[in-house]
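As a plain string of letters, each chain reads:
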Amino acid sequence: MNENVLNKLKILAESAKYDVSCSSSGTVRSNKPGMLGNTVGGWGICHSFAEDGRCISLLKVMLTNYCIYDCAYCINRRSNDLPRATLSVSELVDLTMEFYRRNYIEGLFLSSGVVRSPDYTMERLVRVAKDLRTVHRFNGYIHLKSIPGASRELVNEAGLYADRLSVNVEIPKEENLKLLAPEKDHKSVYAPMRYIQQGVLESSEERKKHRHAPRFAPAGQSTQMIVGATAETDKDILFLSSALYKGPTMRRVYYSGYISVNTYDTRLPALKQPPLVRENRLYQADWLMRFYQFKVEEIVDDAYPDLDLEIDPKLSWALRHPEQFPVDINRADYEMLLRIPGVGVKSARLIVASRRFSKLGFYELKKIGVVMKKAQYFITCHELPMKTVNEMTPQAVRSLLITKPNKKKVDERQLLLDFHD
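Read on for an overview of the structure. Owing to the predicted nature of the structure, the values given are computational and were not obtained by experimental measurement.

What follows covers the overall build of the chain. When its secondary structure is counted, the chain shows 15 helices and 10 strands. Evaluated residue by residue, the chain yields a buried proportion of 51% over its 421 residues. Of all intrachain contacts in the chain linking residues separated by at least 6 positions in sequence, the fraction that spans at least 24 positions is 68%.

If you want it as structure tokens, here you go:
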């Protein structure tokens, strides 16, 4: 492989690592005669790992890390003195196909700095996806970052070749975005979001009439918000996420703890390390909205604008609402089961199915997968002698459930994601 291209790849892959919105799930492309590749099931199709241990399912690269913008939080900002590189459309297409044939990757996540204009950059991104699909008959997963400010025509063309499109909000509030990125505004971000949504809905209607009509971004769209670079509360962030999820095509909102890459800029907070615990809590709250039927105002409100960093959001809600408990495991409906700390979606479904045949007790719940360490204070069931949250106090239960620090030194850079409850 051309050494010059590999050197460019090293620079551009390094520049792309701060964008976390690169999940490859959400679409299925089965193998077709005359085409190369597939996404079997579309779930976790990746074989690569980043330096920090996260699995990367795609070739994650930028077309170029040159940029006309000077956003304070971005490593690729115009004023930074760092190695720059640009891959031509043909170089990137050949690189993707070469990596696929060697079984290094099964798809592509492609973003870019903005050069000349949003439309100029977007046109080159679209050409990469188009050549992969039409010239090389590539049938693997493609995720394109839509450039804020790009025209509707180019976004519509991108949706014909990409599985997922995404536009990053970055900063939730317009005034804070203007502070850190004066050349950007939310209007340029939300416009392509609307184009993607309209394209998906129109494609869906067309496919109802014509089964072989082309699909438009079948895996929908995603976005990303930076956490900790500005003064937004968790309430600000989650209310915006909730509004975005009300759109029929928004599949994921990603939260990226602010990494202090431009320490010289006085507009930015001086953080020694990213706020990973806060990032984790936001993902857990996001999970509650998407899978546990919680409304955003139940998780954060004016009285509690920020998530509790010591306990997860569901446990925090339960301790603030002891009047809802204890819940009778053998009688409660599915929606209420989901609100019990320690009970996940799978566990709730198994409880509903199992109690048709016999009463459930401590042993049965533990076997089902309920985290009894948490759940025992919020439920009643067959042969369960534990005191509930009302017989104790929310403060007493909280003190029992707060994770005690290990004697061994904990690496604070590690992020533990726990969505079982």
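Here helix H10 (residues 313–320) lies mainly inside the structure; 7 of its 8 residues are buried. Within H10, the full set of buried residues consists of Pro 313, Lys 314, Leu 315, Ser 316, Trp 317, Ala 318 and Leu 319. Those residues of H10 that are buried are in contact with helix H8 (276–291), helix H9 (296–299) and helix H15 (394–401). Its side-chain oxygen at 3.1 Å from the backbone nitrogen of Lys 314, Asp 312 defines the N-terminal cap of H10.

A word on the pairing of strand S3 (residues 59–62). The alternating pattern of S3 places Leu 59 and Val 61 on one face and Lys 60 and Met 62 on the opposite face, and all of these are buried. With 4 bridges joining them, S3 and strand S4 (residues 107–111) adopt parallel strand pairing. In the strand pairing of S4, Leu 59 is matched with Leu 108. Of the crossover connections in this fold, the one passing from S3 over helix H2 (residues 89–101) to the parallel S4 is right-handed.

With that settled, the discussion passes to the sheet that holds strand S8 (residues 250–257). Reading across from one edge, S3-S4-S5-S6-S7-S8 is the order of the 6 strands in this open sheet, with parallel pairing throughout. Bordering the open sheet on either side are S3 and S8, each of which pairs with just one other strand. Each neighbouring strand pair of the sheet contributes to a mean axis angle of 20 degrees, computed without reference to strand direction. Examined bridge by bridge, strand S5 (residues 141–145) and strand S6 (residues 164–166) share 3 bridges and lie parallel to one another. Counterpart to Lys 145 in the pairing with S6 is Ser 166. Sheet strands touched by H8: strand S7 (221–227) and S8. Its angle to S8, the strand with the most contacts, is close to 165 degrees.

Moving on to the pattern of salt bridges. This structure, assessed with the given rule, holds 19 salt bridges. Linking Arg 77 and Asp 265 is a salt bridge whose minimum nitrogen-to-oxygen distance equals 2.9 Å. You can see Arg 77 sitting in the loop between S3 and H2 and its partner Asp 265 sitting in the loop between S8 and H8, a full 188 residues away along the chain. Residue Arg 77 shares its accessibility class with Asp 265, and that shared class is buried. Salt bridges here are not isolated pairs; linked through shared partners, they connect Asp 70, Arg 77, Asp 265 and Arg 267.

What follows is about the nonpolar core. Judged by nonpolar contacts, the single largest core of 110 residues is most densely connected at Tyr 73, Leu 238, Ile 340 and Phe 378. By residue number, the principal contributor to this core is H2, which donates 7 residues. In this structure, Phe 378 is in contact with Leu 315, Ala 318, Leu 319, Phe 325, Pro 326, Val 327, Ile 340, Pro 341, Val 389 and Val 397, ignoring residues within four places of it in sequence.

Reading guide: rules and limits
- Residues numbered from 1 in each chain as written.
- Predicted model: local features only at pLDDT ≥ 70, side-chain atom pairs only at ≥ 80, totals over all residues.
- Heavy atoms only, no water.
- Helix = DSSP H or I, 4+ residues; strand = E, 2+ residues; numbered from the N terminus.
- Buried < 20%, exposed > 50% of the residue type's maximum accessible area, 1.4 Å probe, protein only.
- Contact = heavy atoms within 4.5 Å.
- Polar contact = N/O pair within 3.5 Å; in protein donor to acceptor, adjacent residues only side chain to side chain.
- Pairing = 2+ DSSP bridges.
- Right-handed = clockwise from strand over helix to strand, strands pointing away.
- Axes fitted to C-alpha atoms, helices over the stretch in contact; angles between N-to-C directions.
- Salt bridge = Lys/Arg side-chain N within 4 Å of Asp/Glu carboxyl O.
- Core = buried A, V, L, I, M, F, W, Y, C linked by side-chain atoms within 4.5 Å.

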